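# Commentary on secondary and tertiary structure
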Amino acid sequence: MKKYKPSLTDELKGIDKKIATLINQRSRLMSRVSQIRQHKSESLADVGLEKELWVVWKEELKKSNQGLVRQLYTLLNSLGYSMAEKSSSDKPFCLYPPTTPIKMNISGPRSINQTHYTAFLCAMSREKLEIANFLINDNIIELIKLANQCGSKLSWHDNIMTGQGEPKPVMDGQNLFINHSLFNFYLFLCLSLGSANRIKFNSSSLLKAVSLKDIQDFMPQLGARLYSIEPQSYSLPVRIETSGQIPSEIYLPRDIDPNFVKALILAAPFYEKSVVVKYPGLNQQDFADLFTVVKDAGINLESGEDQVYIHPSFPVPGSMDIPVDPFLCGFLLAMSQLSNGEVTLSGEWPSKSLQGDNILQILRQCGIKITIKDKTIAAEYGSKKPAPLFDFSETPELVPLAFPLALSVCDAENIEIIIPPETENYDIVAEILSHIGYNFSVHSQGIRIFSRERSMEKSSPWNSPDPYWTLGYCLLSFKHKGICLANPGNITILWPGFWKIFMNLSGKMPEKKVLKGDIDGKPARKRIRV
């Protein structure tokens, strides 16, 4: 009898299965070590253990590319640390929205990006300020703490940002910890370029997986040297040495991270001399929003097609009115159709936003009546039923909103959803359908959904990959009440106030718990019941 010889593909699959099992075991062990350290009030990472393990990797893989090996080693450590962070932060949360029509009339959540830009300018303002309706999330709190560590005088109280003015920036010798936001790292990195400094940046396990090689290679053109502390690595933690000698014209390559370009533009007004930033992507919508914020804050800036002139100036952002975030508002407006109710949000809707136009189109396609008037946007239940074909091929980034809304409002037996298969959201949609119990088939252009074939066990919570999908899963709960989230806390990085809104969908908000921080950036003490 001829012996079966597996193909190369089969051999690789077998090896990868073993590797995946070992990675899972290693991550759990690293997570256990980190949890023990956390209980002792020590840092998540054990530096001594990391050095010991790296010696093993370096010896066993000495014939391989050491730079790539180091990156792989860092990624594997990050898996363990992120598992420890996740296990210590969240409990499953089951979703039960009301069965009666909701009537909501609240202030709409403000633009995530424009709030971030404004927060940084507030940190550098010489005047006292107070801005209401400020979306305080984890990234903004992190920015406030970093700015105060470097000499600013910011504080927050619920959704109000205040500043005492007259910042005294001291960056030389600082050791800054970046927990959530790569953009915050870029902001303080670019701010340090304006004078001679030596700074260390450390980070959470999440950001240690980000390669900074392009930024490191570009730093000499800005009179600085950026290098990773860990040998043969291009990631955080890093040290930067700056000379303060910035050229009058800065040419940025097209393939550099656009968020780094934005951070450079935001930091440039605080350099001693005027600079011209040249970058091929300055005509994009994201940069138009940035220029609007910077100009409204009183910064002396002249923008062209591929270049922007920035002159030394200090912001006066106290009177700024940040428009609402169309993506976040879309989730609230969608609830009007799902509950046969009404939703009214105050705040300026961005009239020249392509994303905003696409969201309005999705809402209207799903039967929602939309009215925009006098800095308010209102959504009302519409009786018109949508066709069972939804094409999201041009807007795959909006699928976390569009998919759950389409699935919930369409009564047809078969629903066709077109999503580019190469996008991450395509796989997430398939995962959710399988988790909730739908019968579906996939094809080259999208997904065909049939009737629900089974009920999902309530003890089976779903692990949301990001905050936007957490919001989308909440929309699904209007049709499938009792579905559970394994990680509801991931929304705090984006919109902490959402859960208060969701739990009080009648529109009558309870007395709010105070979310505040003092000028030193310390959060208010809170009592935790175990």
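Residues numbered from 1 in each chain as written. Predicted model: local features only at pLDDT ≥ 70, side-chain atom pairs only at ≥ 80, totals over all residues. Heavy atoms only, no water.

### Comments concerning the state of the cysteines
- What the rule picks out here adds up to one disulfide.
- You can see cysteine 329 has no disulfide; the closest cysteine sulfur is in cysteine 474, sitting 16 Å from it.
- Note on cysteine 474: no disulfide assigned, nearest cysteine sulfur contributed by cysteine 484 at a separation of 11 Å.
- Residue class for cysteine 474 comes out buried when judged on its relative accessible area of 0%. (Disulfide = S-S within 2.5 Å. Buried < 20%, exposed > 50% of the residue type's maximum accessible area, 1.4 Å probe, protein only.)

### Considering the packing of helix α4 (residues 112-124) against helix α8 (residues 258-267)
- In contact at an axis separation of 11 Å, α4 and α8 are set at 30 degrees when each is read in the N-to-C sense. With respect to the hand of their crossing, α4 and α8 are arranged in right-handed fashion. Of the residues in α8, those touching α4 at Tyr117, Phe120 and Leu121 are Lys262, Leu266 and Ala267.
- Taken together, the residues that form the contact of α4 with α8 break down as five nonpolar, no polar and one charged. (Axes fitted to C-alpha atoms, helices over the stretch in contact; angles between N-to-C directions. Helix = DSSP H or I, 4+ residues; strand = E, 2+ residues; numbered from the N terminus. Left-handed = near helix turned anticlockwise from the far one by under 90°. Contact = heavy atoms within 4.5 Å. Nonpolar A, V, L, I, M, F, W, Y, C, P; charged D, E, K, R; others polar.)

### Digging into the nonpolar core
- Ranked by size, the top nonpolar core spans 76 residues in total, and within it Phe185, Phe188, Phe201, Met219, Leu252, Phe260 and Ile265 carry the most contacts.
- Top contributing element to this core by residue count: helix α6 (residues 182-192), with nine residues.
- Contacts of phenylalanine 185, omitting those with residues within four sequence positions, involve Ile178, Phe201, Leu212, Leu236 and Val238.
- Core analysis: the second largest hydrophobic core is formed by 71 residues, Leu398, Leu405, Ile417 and Tyr438 among them. (Core = buried A, V, L, I, M, F, W, Y, C linked by side-chain atoms within 4.5 Å.)

### Quick look at the environment of glycine 281
- By the element assignment, glycine 281 lies in the loop between β11 (275-278) and α9 (285-296).
- When its relative accessible area of 4% is taken as the criterion, glycine 281 is described as buried.
- Sequence separation between glycine 281 and proline 388 is 107 residues, and the spatial gap between their C-alpha atoms is 37 Å.

### Re unusual backbone geometry
- At the junction of leucine 236 and proline 237, the peptide bond is cis and its omega measures out at 5 degrees in the coordinates.
- Locating proline 237 in the fold gives a position in the loop between β8 (224-228) and β9 (238-243).
- The residue aspartate 374 is not glycine, and still its phi comes out positive at about 50 degrees.
- Along the chain, aspartate 374 falls in the loop between β15 (369-373) and β16 (376-380).

### Section: the packing of aromatic side chains
- Taken as a whole and judged by the stated rule, the model has 21 aromatic pairs.
- In this structure, lysine 213 is placed above the aromatic ring of tyrosine 234, and the distance from its NZ or CZ to the ring centre is 5.5 Å.
- Lysine 262 extends its terminal NZ or CZ atom over the ring of phenylalanine 287, reaching a point 5.8 Å from the ring centre. (Phe/Tyr/Trp six-rings, centres within 6.5 Å; stacked < 30°, edge-to-face > 60°. Lys NZ or Arg CZ within 6 Å of the ring centre and 35° of its normal.)

### Observations regarding helix α14 (residues 467-476)
- With respect to burial, α14 is a largely interior element, nine of its ten residues being buried.
- Residues Pro467, Trp469, Thr470, Leu471, Gly472, Tyr473, Cys474, Leu475 and Leu476 constitute the buried set of α14.
- Those residues of α14 that are buried lie in contact with α10 (326-338), α12 (399-409), α13 (424-436), β21 (484-485) and α15 (498-503).
- The backbone nitrogen of tyrosine 468 lies 2.9 Å from a side-chain oxygen of the residue at the head of α14, namely aspartate 466. (Polar contact = N/O pair within 3.5 Å; in protein donor to acceptor, adjacent residues only side chain to side chain.)

### Looking at the sheet that holds strand β10 (residues 249-251)
- Read across the sheet, four strands follow the order β10-β11-β13-β12 without closing on themselves; strand pairing throughout is mixed. The two strands at the open ends of the sheet, each matched to only one other strand, are β10 and β12 (301-303). The sheet shows a mean angle of 15 degrees between the axes of neighbouring strands, direction not considered.
- The sheet contact formed by β11 and strand β13 (residues 307-310) spans four bridges and is antiparallel. Looking across to β13, one finds that lysine 278 is bridged to glutamine 307.
- Taken strand by strand, α8 contacts β10, β11, β12 and β13, and its axis lies near 165 degrees from that of β11.
- Across the sheet, α9 touches β12 and β13, and the angle it forms with β12 is around 155 degrees. (Pairing = 2+ DSSP bridges.)

### Let's talk about the pattern of salt bridges
- Summed over the entire model, instances satisfying the criterion amount to eight salt bridges.
- As a salt-bridge pair, glutamate 241 and arginine 198 come within 2.9 Å of each other at their nearest N and O atoms. Placement of the pair is glutamate 241 in strand β9 and arginine 198 in strand β7 (residues 196-203), with a sequence separation of 43 residues.
- A residue is classified by how much of its surface remains accessible, and glutamate 241, at 23% relative accessible area, is partly exposed.
- One network of salt bridges, in which partners are shared, links Arg198, Arg225 and Glu241. (Salt bridge = Lys/Arg side-chain N within 4 Å of Asp/Glu carboxyl O.)

### Some details on the environment of leucine 407
- Within the secondary structure, leucine 407 is located in helix α12.
- Along the backbone, leucine 407 and tryptophan 57 are 350 residues apart, and their C-alpha atoms lie at a distance of 48 Å.
- With sequence-adjacent residues up to four places away left out, leucine 407 is seen in contact with Ile415, Leu433, Tyr438, Ile449, Leu476 and Lys479.

### Focus on the side chain of threonine 242
- Structurally, threonine 242 is set in strand β9.
- Using a relative accessible area of 8% as the deciding quantity, one classes threonine 242 as buried.
- One polar contact links the side chain of threonine 242 to the main-chain carbonyl oxygen of serine 195, over a distance of 2.6 Å.
- Among the polar contacts listed, one links the side chain of threonine 242 to the backbone nitrogen of asparagine 197, at a separation of 2.9 Å.
- If near-sequence neighbours (up to four positions away) are discounted, threonine 242 is found in contact with Ser192, Leu193, Ser195, Ala196, Asn197, Gly223 and Ala224.

### What to know about the pairing of strand β14 (residues 342-346)
- Only one face of β14 is covered, namely the face carrying Val343 and Leu345; the face carrying Glu342, Thr344 and Ser346 is uncovered.
- As paired elements, strand β2 (residues 103-107) and β14 share five bridges and run parallel to each other. Bridge pairing in β14 places isoleucine 106 opposite leucine 345.
- Looking at chain direction, β14 and β16 are connected through five bridges and run antiparallel. Considered in β16, the bridge of threonine 344 is made with alanine 378.

So yeah, pure geometry; function would need other evidence.
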